[in-house]
2 protein chains.
Amino acid sequence: MLYLTGNILYMKDRKTLCTQENGCLAIDEDGRVAGVYSGEEFAKQITVREGDTQVDYGDRLLIPGMTDLHVHAPQYAFRGLGMDLQLLEWLEGFAFPEEMRYAETEYAGRAYQIFAEDLRRSVTTRACVFATVHLESSLLLADLLDQSGVITYVGKVNMDRMGPEELCENVQDSIDDTVRFVEETVRRCSYTKPMITPRFAVSCSDELMRKLGDLRRRYNLPVQSHLSENRQEIEKIRELYPNTKFYGEAYDQNDLFGDGYPAVMAHCVYSSPQEIERMLERGVYIAHCPNSNFSLSSGMAPVRDYWEQGLNIGLGTDVAGGFSLSMLRAIQDTVTVSKLYQACMDEHAEHLSVWEAFYLATMGGGSFFGKVGSFLPGYDADVLVLDDSNLLCPVERSLEERLERLIYLAESDALCAKYVKGRMIYQASS
Amino acid sequence: MLYLTGNILYMKDRKTLCTQENGCLAIDEDGRVAGVYSGEEFAKQITVREGDTQVDYGDRLLIPGMTDLHVHAPQYAFRGLGMDLQLLEWLEGFAFPEEMRYAETEYAGRAYQIFAEDLRRSVTTRACVFATVHLESSLLLADLLDQSGVITYVGKVNMDRMGPEELCENVQDSIDDTVRFVEETVRRCSYTKPMITPRFAVSCSDELMRKLGDLRRRYNLPVQSHLSENRQEIEKIRELYPNTKFYGEAYDQNDLFGDGYPAVMAHCVYSSPQEIERMLERGVYIAHCPNSNFSLSSGMAPVRDYWEQGLNIGLGTDVAGGFSLSMLRAIQDTVTVSKLYQACMDEHAEHLSVWEAFYLATMGGGSFFGKVGSFLPGYDADVLVLDDSNLLCPVERSLEERLERLIYLAESDALCAKYVKGRMIYQASS
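Residues numbered from 1 in each chain as written. Chains lettered and ligands numbered in written order. Predicted model: local features only at pLDDT ≥ 70, side-chain atom pairs only at ≥ 80, totals over all residues. Heavy atoms only, no water.

Draft legend 1. Representation of the relation of the copies chain A and chain B. When chain A is fitted to chain B, the best match, at an RMSD of 0.0 Å, comes from turning it 180° and sliding it 0.0 Å along the axis. Expressed as a symmetry operation, the mapping of one chain copy onto the other fits a two-fold axis. Among all C-alpha atoms of chain A, that of Glu-411 of chain A lies closest to the rotation axis, at 3.3 Å. (Least-squares fit on C-alpha atoms with pLDDT ≥ 70 in both.)

Okay, structure coming up:
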């Protein structure tokens, strides 16, 4: 057993924050939460045996790790740049030119090394990651992510139109490379798994989409893509897929929309009622990416409405449409956009509270990976150890207040240690 | 003379970013910019004499310091808390209870010490600061700000209604204490100056407002307050000031609206055309506070529209309605809100670019303090030295790109040194 002592906070459901001052988090040999105990309970009920490990984090805060449901690894190199453009111009001006560089594995190695290391040092413990179309560098990314210890799904991207020639594959190569990517990743990696990753329906022909659906079935893989992000994009889908009633149907017609398997769609800023209904039927996850949605002037997703309808929702940083890799920032931005949606679009739409957004970042997105994002018994023990001693305050604050302050004010040095499924994968040098 | 060498970037007007790679910023004995030189020009034209100082900042970036046009020092203690409320409830639930603590100078000393030190370590070189109603602790704040070296205006707050009893002054005490605050601050401080600071028209009676106007004239002081922040607040003003056609007239009728003297009004989210017209006539400054405006669900100010009309605009953090003391974050948030305004409120309203927002944070707000916020000759030499080496990148970036990345991604450790009017007031321990 592994025993971590400190101040423990986690959501147990959509509405309830649990706190345990000076508590103990017990983690079993399989990396799962065995229990959360008060100091007194721990002293009375638990016998620490030989071979057990106990780590005392003192006055620090222990919270569940966070799931980034949508992030583009190759775009990390230009995060914070080109933010004055909208989606389609930004793809042409920034994303595509950068992604072309990943044809060279030497460049990919250098760039992905930075990404994987910064991800390891972040509050993210699980992630769904886009690579590029390139097989070799995508495998390189899979290896680096695997070494980071963060548990990820990663996809070699597929696209065969509406991009620069260098990024447009022919269908058979795209499928063959995807088969190799899937098989190699499964063979080589422990913590990284493959995922079917059509870039978005705009950049995939019917034939490519159909064959990706076949592949998905053959290997029983999950899917990630983009959906209803930007008004111009949705117009293009109407032209390109005249036989669909809504954007998501382009995926659904090709068995890429979560019919009995996990699928996550990024954005959903402008999903129609029909699209929402289909997503509910299929259990499709929405990766809500507020930073990207304001940075690329896409708009504000009505997340409260999705939440009330019972959709599966998590958060994504969407680097580099979003400029920040921090899931704490994603929580902030979720609340920000939700408030502005209320103030400007629909005064009856109660905004998401900071704890509802915290839920989305932990349990909401975590459930895509199983029992992840809480400290309820049986959940995978993904743990962040946070230090708020830099945030000087003239009065004592409750645990809840301390975590709220960290969500709004923490810089990256607040993270002292990070565990994924009970394994420590990061420890700050102090 | 003081010569700072490094990579120099600054706005020279609303539209033009100037860059000088490996340049030199020359600063005269009065702390003013004497010139910006290329390395070659510097070598050829400048003779460094005995008594001159030269500091080589290598590959770092040198940019103008930033002006925070609106910040509440006593609220710094609860920044990042209570962010799920709207203005009037937030005042009652968080701001007023915290401000009541400042009746005790012991508490005020501890809290203001933290604020003043964090302000010194921030990218802010000039600020307009609210204290509380309390004379002694407001003087204490003035002293601490003066010691920080940041050049500030600071105001003892005036209010006589619509708050808890403990914060509501009687009119004569309020005026007497303000006289003492003004005279003492002028006498004691070098870098801190007093400012007339009615909390907002809601919390000031006609009599108090009138007498503050008299005081303002007597000492020829500038004014700061709040304006048209929140819809409920504007409703209240209509009730309380039935003889006004718009909110700002409550100040203007009492000679507190910039008629021949500097005045800055925070927020202006919902200013009517008439209010805007009066502000243009008077030259009133708008302190645009985007973080506060989304955090308290106030709304989105149409800043592009104000900008096109030629209003004086700068940025404010509005701690703790805004949760961040960082003016880099204020730049980000200005762009964010402007993009969402375009995406959701008025698609014809071109959003502010990152450089336009950078202008607002430097020259825009800086002009409230004189020739401040640029490196044009004769401007006060407020200089930030920024290090972006933590933001690893696999390719070389232009100076413009490096600054854009810093605006979006810098944490507080990016600031290496800070000069105000040629005096170094902060240097990071390395």
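That was the structure; now back to the text.
Draft legend 2. Representation of the sheet that holds strand S4 (residues 53–64) of chain A within the structure. Residue and element names in this part refer to chain A. Here we have 7 strands laid out as an open sheet, ordered S3-S2-S1-S4-S15-S16-S17, and mixed in their pairing. Both edges of this open sheet fall to strand S3 (33–37) and strand S17 (423–427), since each of them pairs with a single strand only. Across this sheet, the average inter-strand angle for adjacent strands is 35°, counted without regard to direction. Bridge count for strand S2 (residues 17–27) against S3 is 4 bridges, and the pairing is antiparallel. Note that in S3 the partner of Cys-24 across the bridge is Tyr-37. Helix H13 (residues 354–366) rests against strand S1 (2–11), S2 and S4 of the sheet, and its axis sits at about 130° to S1. Packing against the sheet, helix H14 (residues 399–409) makes contact with S1, S2, S4 and strand S15 (383–386), and its axis sits at approximately 70° to S4. (Pairing = 2+ DSSP bridges. Helix = DSSP H or I, 4+ residues; strand = E, 2+ residues; numbered from the N terminus. Axes fitted to C-alpha atoms, helices over the stretch in contact; angles between N-to-C directions. Contact = heavy atoms within 4.5 Å.)

Draft legend 3. Up close: the environment of Val-33 of chain B. Residue and element names in this part refer to chain B. Looking at the secondary structure, you find Val-33 in strand S3 (residues 33–37). Overall, the relative accessible area of 3% leaves Val-33 in the buried class. In sequence terms Val-33 and Arg-304 are 271 residues apart; their C-alpha atoms lie 30 Å from each other. Apart from residues no more than four positions distant in its own chain, Val-33 is found in contact with Leu-25, Ala-26, Ser-374, Phe-375, Leu-376, Pro-377, Gly-378, Tyr-379, Asp-380 and Ala-381. (Buried < 20%, exposed > 50% of the residue type's maximum accessible area, 1.4 Å probe, protein only.)

Draft legend 4. Region of the structure containing the packing of aromatic side chains. Residue and element names in this part refer to chain A. For the structure shown, the criterion picks out 32 aromatic pairs over all chains. A centroid spacing of 5.5 Å and a plane angle of 70° characterise the contact between Tyr-76 and Phe-115, whose relative ring orientation is edge-to-face. Within this pair, whereas Tyr-76 is found in the loop between strand S5 (66–72) and helix H2 (87–100), its partner Phe-115 is found in helix H3 (residues 105–120), the two being separated by 39 residues in sequence. The class of Phe-115 is buried, set by a relative accessible area of 0%. For the pair Tyr-102 and Tyr-107, a centre-to-centre distance of 5.4 Å together with 80° between the ring planes defines the contact as edge-to-face. When its relative accessible area of 0% is taken as the criterion, Tyr-102 is described as buried. Within the aromatic cluster, the residues linked to one another by ring pairs are Tyr-153, Tyr-285, Phe-368 and Phe-369. Seen from the ring of Trp-307, Arg-14 lies directly overhead, with NZ or CZ sitting 4.3 Å from the centre. Between Arg-216 and the ring centre of Tyr-261, over which it is positioned, the NZ or CZ distance is 3.3 Å. (Phe/Tyr/Trp six-rings, centres within 6.5 Å; stacked < 30°, edge-to-face > 60°. Lys NZ or Arg CZ within 6 Å of the ring centre and 35° of its normal.)

Draft legend 5. Inspection of the confidence of the model for chain A at higher detail. Of all residues in chain A, 100% attain a pLDDT of 70 or more, and the chain-wide mean is 97. What the predictor reports for the complex is a pTM of 0.98 with an ipTM of 0.97. (pLDDT = per-residue confidence, 0-100.)

Draft legend 6. Local environment of the pattern of salt bridges. Residues and elements named next belong to chain B. Taken as a whole and judged by the stated rule, the model has 66 salt bridges over all chains. Taking the shortest distance from any N to any O, the salt bridge between Asp-30 and Arg-32 comes out at 4.0 Å. For Arg-32, a relative accessible area of 31% gives the class partly exposed. The partner of Glu-136 in a salt bridge is Arg-180, with the nearest N and O atoms 3.8 Å apart. Taken together, the residues span a long stretch of sequence, with Glu-136 in helix H4 (residues 135–148) and Arg-180 in helix H5 (residues 171–188) at a distance of 44 residues. Exposure remark for Glu-136: the relative accessible area of 42% places this residue in the partly exposed category. (Salt bridge = Lys/Arg side-chain N within 4 Å of Asp/Glu carboxyl O.)

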